[in-house]
Structures are given as structure tokens and as C-alpha cells.
Amino acid sequence: MGTYLETAIDIARESGALLADMYKTPLEISYKRPSDLVTEADRRSEALIIERLYKAFPGHAVISEEGGGQRIQSDYCWHVDPLDGTTNFAHKFPVFCVTLGLLYRDEVIAGVVYDPTREEVFTAEKGAGAYLNGKRMSVSKNATLSESLLGTGFPPFDHRHDLNIQLFLEFTRRSHGVRRAGSAALDLCSVAAGRFEAFWELRLNSWDMAAGCLMITEAGGRITSLLGEPHRIAPVEILASNALVHEEMLPVFREVLGKSSA
Ligand code: IPD
Ligand code: CA
Ligand code: CA
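1. Some words on the coordination of the calcium ion (ligand 3)
So, step 1. For the calcium ion (ligand 3), the full set of protein donor atoms is E65 (OE), D81 (OD), D81 (OD) and L83 (O), and the range of their distances to it is 2.2 to 3.0 Å.
So, step 2. Written as a sequence motif, the donor residues of the calcium ion (ligand 3) are E-x15-D-x1-L.
So, step 3. In this structure, the calcium ion (ligand 3) is positioned 3.7 Å from the calcium ion (ligand 2), and both are ligated by D81. In this pair, E65 sits in the loop between β3 (61-64) and β4 (76-84) while D81 sits in strand β4, placing the two residues 16 residues apart along the sequence.
So, step 4. Owing to a relative accessible area of 1%, D81 belongs among the buried residues under this scheme.

2. A word on the domain arrangement of the protein chain
So, step 1. Domain annotation of the protein chain identifies domain 1 (2-136) and domain 2 (145-261).
So, step 2. The C-alpha centroid of domain 2 is placed 21 Å from the C-alpha centroid of domain 1.
So, step 3. Contacts between domain 1 and domain 2 engage 40 residues on the former and 22 residues on the latter.
So, step 4. Between domain 1 and domain 2, a total of about 2200 Å² is buried, with carbon and sulfur atoms accounting for 67% of that surface.
So, step 5. Taken together, the connections running from domain 1 to domain 2 amount to one salt bridge.
So, step 6. Between R195 and E120 there is a salt bridge; the shortest N-O distance is 2.7 Å.
So, step 7. Counting every contact that joins domain 1 to domain 2 gives nine residue pairs in polar contact (both at pLDDT 80 or more).
So, step 8. When residues of the side of domain 1 that touches domain 2 are traced back to their parent elements, those giving at least two are β3, β4, β5 (97-104), β6 (107-115), β7 (120-125) and β8 (129-132).

3. Regarding the packing of helix α1 (residues 3-22) against helix α2 (residues 40-56)
So, step 1. In contact at an axis separation of 10 Å, α1 and α2 are set at 160 degrees when each is read in the N-to-C sense. By the angle between their directions, the pair α1 and α2 is classed as roughly antiparallel. In this structure, the crossing between α1 and α2 has a hand that is right-handed. Across the interface between the two elements, T7, I11, E14, S15, L18, L19 and M22 from α1 touch E40, A41, R44, S45, L48, I49, R52, L53 and A56 from α2.

4. Re the coordination of the calcium ion (ligand 2)
So, step 1. Bound to the calcium ion (ligand 2) are the protein donor atoms D81 (OD), D84 (OD) and D208 (OD), situated 2.1 to 2.3 Å from the metal.
So, step 2. Spacing between the donor residues of the calcium ion (ligand 2) along the chain follows D-x2-D-x123-D.

5. Let's talk about the pairing of strand β14 (residues 236-241)
So, step 1. Burial within β14 is extensive, with five of its six residues counted as buried.
So, step 2. Here strand β12 (residues 198-204) pairs with β14 via five bridges, running antiparallel. Note that in β14 the partner of E201 across the bridge is I238.
So, step 3. In this sheet, β14 lies alongside strand β13 (residues 222-224) in antiparallel orientation, the contact comprising three bridges. Looking at the pairing, T224 lines up with L239 of β14.

6. Comments concerning the sheet that holds β7
So, step 1. Across the sheet, which stays open at both edges, the seven strands sit in the order β3-β4-β5-β6-β7-β8-β9 with mixed pairing between neighbours. Looking at the sheet topology across the chains shown, the edges are occupied by β3 and β9 (135-136).
So, step 2. Note that β4 and β5 share seven bridges and pair antiparallel. Residue pairing in the sheet places C77 in a bridge with L103 of β5.

7. A look at the site of ligand 1
So, step 1. For ligand 1, the set of nearby residues contains 17 residues, the closest of which are D84, G85, T86, A184 and E201.
So, step 2. In the environment of ligand 1, an oxygen atom lies 2.7 Å from a nitrogen or oxygen atom belonging to the side chain of D84.
So, step 3. For ligand 1, an oxygen atom lies 2.7 Å from a polar atom in the backbone of G85.
So, step 4. In isolation ligand 1 offers 370 Å² of accessible surface; the protein chains occlude 94% of this area.
So, step 5. The set of elements that each furnish at least two residues to the shell around ligand 1 consists of β4 and β12.
So, step 6. When residues of the shell around ligand 1 are assigned to their parent elements, the largest contribution, three residues, is made by β4.

8. Examining the packing of helix α4 (residues 161-174) against helix α7 (residues 246-259)
So, step 1. In the contact formed by α4 and α7, the axes pass within 11 Å of each other and the chain directions differ by 145 degrees. Between α4 and α7 lies a crossing whose hand is right-handed. Here L163, Q166, L167, E170, F171 and R174 of α4 come into contact with α7, specifically with M249, V252, F253, V256 and L257.
So, step 2. Of the residues belonging to the contact of α4 with α7, the class tally is eight nonpolar, one polar and two charged.

9. Overview of the sheet that holds β13
So, step 1. Sheet architecture is open: five strands sit in the order β11-β10-β12-β14-β13, paired in mixed fashion. In this open sheet, the two strands that pair with only one neighbour each are β11 (177-179) and β13. Going from strand to strand, the sheet's axes swing by 20 degrees on average, the running direction of each strand aside.
So, step 2. Across the sheet, helix α6 (residues 206-218) is in contact with β12, β13 and β14; its angle to β14 comes to roughly 25 degrees.

Cut-offs applied
- Residues numbered from 1 in each chain as written.
- Chains lettered and ligands numbered in written order.
- Predicted model: local features only at pLDDT ≥ 70, side-chain atom pairs only at ≥ 80, totals over all residues.
- Heavy atoms only, no water.
- Donors = N, O, S within 2.8 Å, 3.2 Å for Na, K, Ca; no water.
- Helix = DSSP H or I, 4+ residues; strand = E, 2+ residues; numbered from the N terminus.
- Buried < 20%, exposed > 50% of the residue type's maximum accessible area, 1.4 Å probe, protein only.
- Domains from an automatic or database assignment.
- Contact = heavy atoms within 4.5 Å.
- Buried area = accessible area lost by both parts, 1.4 Å probe.
- Salt bridge = Lys/Arg side-chain N within 4 Å of Asp/Glu carboxyl O.
- Polar contact = N/O pair within 3.5 Å; in protein donor to acceptor, adjacent residues only side chain to side chain.
- Axes fitted to C-alpha atoms, helices over the stretch in contact; angles between N-to-C directions.
- Parallel < 35°, antiparallel > 145°, perpendicular 65-115°, else oblique.
- Left-handed = near helix turned anticlockwise from the far one by under 90°.
- Pairing = 2+ DSSP bridges.
- Near = heavy atom within 4 Å.
- Areas by Shrake-Rupley, 256 points an atom, 1.4 Å probe, with all protein chains shown as cover.
- Nonpolar A, V, L, I, M, F, W, Y, C, P; charged D, E, K, R; others polar.

Okay, here's the thing in C-alpha cells:
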């Protein structure tokens, strides 16, 4: 395992332990926008991660959700979500994680997602596979949408709620069901681990998806836009799957998005 990943795992474990501690105590919630929460836990986890990354890799850039980070010119850039699943965390619904993904130029080369409530560490390195607690992960081999379990997320800063609900309805009708668990990074890991056949969201940020996307491609999955175009790590929509149900899902997006004026 490379030094980048090893260091990222240590940092994710440390910040995950901090989150698990803070989860037990009452927290003050503030709002970035309506329904877009932030807590002291997001800020303290971010401060810890950034300090550790600076110490380990002083020449690397860091982009982190709460605005901390070092926006220097570098071929190496860490995309960090210090607490993915803030709304769950604030309501004491135990589905949240820490995620760090390292990009070299435009490509994710290492990533970690740590879920402290289940003690699950998801890791991936470009060309070296994806792992859950050290065990190799593969996407599911199920090729039929009607036998699939799917995941989705509703971005708090995107108001196309009708479109989300329409897609939710269409895929609920065509599958074993759709889960909206509230942590995109964990949703992506669920595809990589073969728990979900696919996941989609109308808009994610780079810090939500960098590590999770590498898990999926390294576990044999496929990622595109909702219309099947090439995917990039940027604030964009995403369809991530086990590759086998992808083609069956794309026409549903084309139909629903085609009808929508959003
Ligand atoms: C959110 C979660 C959620 C997804 C949102 C994200 P946050 O991240 O990943 O599942 O639907 O789009 O913004 O705010 O909890 O870090
Ligand atoms: Ca997030
Ligand atoms: Ca976050």
C-alpha cells in the first residue's frame, strides 16, 4: 500500500473517532442555506484533517467542504469531506462518514471512506483494487434492474425536488427499491461493495465523490452522467453502477429528464 493511502487511512480513522465521540453529545446546528446544515463536528473534523494533511504533504493542495484547505498550485489535490451525512449526524441517525480522495492532475489515485459506526474502512488505489477492511471488493453480478437495490440522494442545495421524486418513483417501480440513506460517499461504497447495484444523484461535489468513485471503478463498476456521458470529478450529476444494470437505467433518465424543464 502506498504512503498516500496509508496516511489517509490514519487520518480518516482519527477524524472518524472524533466524530464518533461528538455524536454522543448535544450539538449546535447552524445553516449554510435552508436544509443545508453544518455543526461543530464538521468544523473540528475538518481542522484535524487539514492539519494532518499539511504536516504529511506540505506541497499538496487541499479542498475541503467547509472552506478550510490549502488552495495552492499542485498536481496533487486532496478532496475532503470531513463529515458526509451531516443531517443524519445532527439528528442522531447513525449513517455518516469521513472521506478523503487524492487527485493527481484530473485523476483520482487514492481514496478512503471511513464509517465509524460500523467500523468499516473502504480503501482504493488506482490500479490496485478496492478493499473493505482489507478484503477485496467487487461490484454485484446482478444484471437485472428488477432484482436490484438502488441508492440515491437529494442534494440540499438543488431544488429540483419534483425531478428527484419522479426518478425515485420510476426506479422504485422497476427495482427491489431505492434507499436514500443520506451519505453519498457511503452510497458509492455500497455500489463498490455489491450492496447496491447502482446509485444516482442530480448533483454532487468533488469531495462527496472523489474517493467513492475510485472504489467503484476499482471494484469493476461504471460511472457516467445520467445521460451516459463521461464522468468527471466536479460538481456534477452522477450515475454509478455495477456496469451490468447501467444500460437498463439510462433510458429512464432520458425519459424523465427529457420531460422536465429543469
Ligand atoms: C450530503 C450527503 C447527502 C447528499 C448530498 C450531500 P453532507 O453531504 O452526501 O447524501 O444527498 O448531496 O451534500 O452535506 O452531509 O456532507
Ligand atoms: Ca458531503
Ligand atoms: Ca460534509
